[in-house]
Amino acid sequence: MPVTVGAHHLTVFTRNMDRFIRFYEEVFDAETKFDLSEPGPGGGTIRHSLIDLGEGFALHPFQMPEQTGYEDGSMQMGKRGHIDHLALKVDDEVRLQEIRRRLVKAGASDGTITDFGAIRLVTFRDPDGMEGEVARWTDCKRVLGFNERKQEIWPD
């Protein structure tokens, strides 16, 4: 049994804090616990928030007074920056399907579910271009390889 019980938070940079917060509140029913503006380390004002995504896990986005060069995400594996992607956990298929619907509605995903056997997930792109996933564990005891995975296309 691990000493840890899950993730606490993930820090990311954003160009537009309001847009970032709105996306996670609308799509994931997240709650912004803190939204702070304070003096930045090199002058100017930084804005940062803690966005509660459930079970003690939060996003901690920063909007800096000057661009850092890390605000924009990339979909190219190996060139996404220091953090490759964010995976959020759901407990069951009903919730996975609900988030899938919301992501498609928000224009953040094509709605394809990838089934890796032990894990089912839908990929999305947040407002800053960072790739994320919403995933759930299944009862399957085997994780399928990339060549074995199955994909369920969003019904139009």
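Per-chain numbering applies: the sequence of each chain, read as written, is numbered from 1 onward. In keeping with the predicted nature of the model, local features appear solely for residues at pLDDT of at least 70, side-chain atom pairs appear and are counted solely at 80 or more, and the whole-chain, interface and lining totals rest on all residues. With hydrogens and water stripped out, all remaining heavy atoms of the structure feed into the side-chain values.

Within a sheet, neighbouring strands are paired by backbone hydrogen bonds and run either parallel or antiparallel to one another. The rule for pairing is simple: two strands pair if DSSP sees at least two bridges between them. Numbering of helices and strands runs from the N terminus, with a helix taken as a DSSP run of H or I at least four residues long and a strand as a DSSP run of E at least two residues long. As summarised here, the arrangement of the four strands in space is β1-β4-β3-β2, forming an open sheet in which the pairing is mixed. Because the sheet does not close on itself, it has two edges, and the strands there are β1 (9-13) and β2 (31-39). The average undirected angle you get between the axes of adjacent strands in this sheet is 20 degrees. Across five bridges, the pairing between strand β3 (residues 45-54) and strand β4 (residues 57-63) is antiparallel. Paired with His48 across the strands is Phe62, a residue of β4. Axis lines are fitted to C-alpha atoms, over the contacting stretch for helices. Their N-to-C directions set the angle, which ranges from 0 to 180 degrees.

Below, the discussion takes up the nonpolar core. Take the buried residues of types Ala, Val, Leu, Ile, Met, Phe, Trp, Tyr and Cys, join any two whose side-chain atoms come within 4.5 Å, and each joined set is a nonpolar core. Each residue is placed in one exposure class: buried if its accessible area under a 1.4 Å probe, protein chains only, is under 20% of its type's maximum, exposed if it is over 50%, and partly exposed if it falls in between. With 25 residues, the main nonpolar core has Phe23, Tyr24, Phe28, Leu86, Leu103, Phe124 and Val134 as its most contacted residues. The biggest single contributor to this core is helix α1 (residues 17-28), with seven residues. Apart from the residues lying within four places of it in its own chain, the contact partners of Tyr24 are Asp29, Ala30, Ile51, Leu53, Leu59, Leu86, Phe124, Asp126 and Met130. The contact criterion used throughout is that any non-hydrogen atoms of two residues lie within 4.5 Å.

For the rest of this paragraph, the subject is the sheet that holds strand β8 (residues 131-137). The five strands are arranged β5-β8-β7-β6-β9 in an open sheet whose pairing can be described as mixed. Two strands bound the open sheet, and with one partner strand each, they are β5 (86-89) and β9 (150-152). Strand-to-strand twist in this sheet, taken as the mean axis angle between neighbours without regard to direction, amounts to 30 degrees. The sheet strands contacting α1 are β5, β7 (119-125) and β8, and the helix crosses β7 at an angle near 145 degrees. With respect to the sheet, helix α2 (residues 93-105) is in contact with β6 (113-115), β7, β8 and β9, its orientation differing from that of β7 by roughly 20 degrees.

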